[in-house]
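Topology and contacts: notes
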Amino acid sequence: MTFEQIKFAMEQIRKFENQKKAPCYEAMDSLLDKTRFYFTEIDFQSLYLYTYQKSQERLTKEDFISDCNAIIFTLEGMLSKDRNYPIIKNILKDIDKFKKCKSNKSVKEAIKTIYHTYSDRIKFNKVIEKLISEDATNNHIIDMGLDGFDKSLLNSMLKNLENYANEICFEKPQKVVTKQNKPDTTININNNNVLSSSIDINLAIHNAIEQLENACLSDEQEKQVKEKISELEKIVKSKFTKKTKWQKLCEIMRWVVEQGVQVASIIVPLIGNAIK
């Protein structure tokens, strides 16, 4: 999983946990849609979610809790299979913790903690190294308020943490040995383009769903837009020929023209992504 995928999964787990405490049909439906469109590998039909099977009036709190647990366990299962998850989880925990620092003292302690925790894996700015070194030998500078440990420096270090997390999640090219006795004869297989394409469409769909939530559309029109988003996703990920894909996209574009500006602002970026 990529850093963004791990981060998204953890955030969704948190939101589903909150749903168990205070169920809300609209929020639950939105969370399920976002998860379904983002992680297309999850077989939602096999989960038998009550939110999709029952009308809003018939849903009970137990139904909501059951659905939340089903998604939480599924996402946790996906995360547990990723060898980078434990360290990404700790990095995200540190980032969230240190972002909340406000006082000069807490900012300084955060900078020192991050440096001593990650300096063996991350090469920080030389300014930071110098400050840490000087702080250890010149404590009197602290009293004068000239120590240089400020929030901007902390923010740059938090960005370093995010970059590091992205790097360790990046899938390196696989090497396939062509002959067992000659390990130096290899073929490099780079799946970066395929991975990037998959992530791009997932993010585009995620953004489209968020836009849809904020749009003032009727229930019927919102339902139609969701169906078109799902249709576009299938077209992009299908093995149709370019000609067939284009024909199907043209049909959707004709539909968009009849819907108005709001719907167009949601669907057109997806069509653009599908044309790539």
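Structure: see above.
Read on for a plain summary of the structure. The model shown is predicted, which means the values in this text are computed figures rather than measured ones.

**Considerations on a negative patch on the surface**
- Together, E26, D219, E220 and E227 give the surface a local cluster of negative charge.
- With 3 residues, the top contributor of residues to the negative patch is helix α12 (residues 219–237).
- Looking at the secondary structure, you find E26 in helix α2 (residues 25–38).

**Thoughts on the pattern of salt bridges**
- The final tally for this structure, using the stated rule, is 13 salt bridges.
- One salt bridge in this structure joins K20 and E17, with 3.4 Å as the shortest N-O distance. Of the two residues, K20 and E17 both sit in helix α1 (residues 3–21), 3 residues apart, roughly one turn of that helix.
- You can call E17 partly exposed: its relative accessible area is 29%.
- When the shortest N-O distance is used, the salt bridge between K54 and D63 registers 3.0 Å.
- Accessibility expressed as a relative area gives 7% for D63, which makes it buried.
- Residues joined by salt bridges that share partners form a network here, namely D29, D33, R36, E222 and K226.

**What to know about the side chain of D29**
- Its place among the elements puts D29 in helix α2.
- You can call D29 buried: its relative accessible area is 16%.
- When residues no more than four places from it in sequence are discounted, the contact partners of D29 are Y52 and K226.

What counts and what doesn't
- Residues numbered from 1 in each chain as written.
- Predicted model: local features only at pLDDT ≥ 70, side-chain atom pairs only at ≥ 80, totals over all residues.
- Heavy atoms only, no water.
- Patch = residues over 30% accessible without salt bridge, like charges linked within 9 Å, V, L, I, M, F, W, Y side chains within 5 Å.
- Areas by Shrake-Rupley, 256 points an atom, 1.4 Å probe, with all protein chains shown as cover.
- Salt bridge = Lys/Arg side-chain N within 4 Å of Asp/Glu carboxyl O.
- Lys, Arg positive; Asp, Glu negative; His and termini not counted.
- Charge placed at Lys NZ, Arg CZ, Asp CG, Glu CD.
- Helix = DSSP H or I, 4+ residues; strand = E, 2+ residues; numbered from the N terminus.
- Buried < 20%, exposed > 50% of the residue type's maximum accessible area, 1.4 Å probe, protein only.
- Contact = heavy atoms within 4.5 Å.

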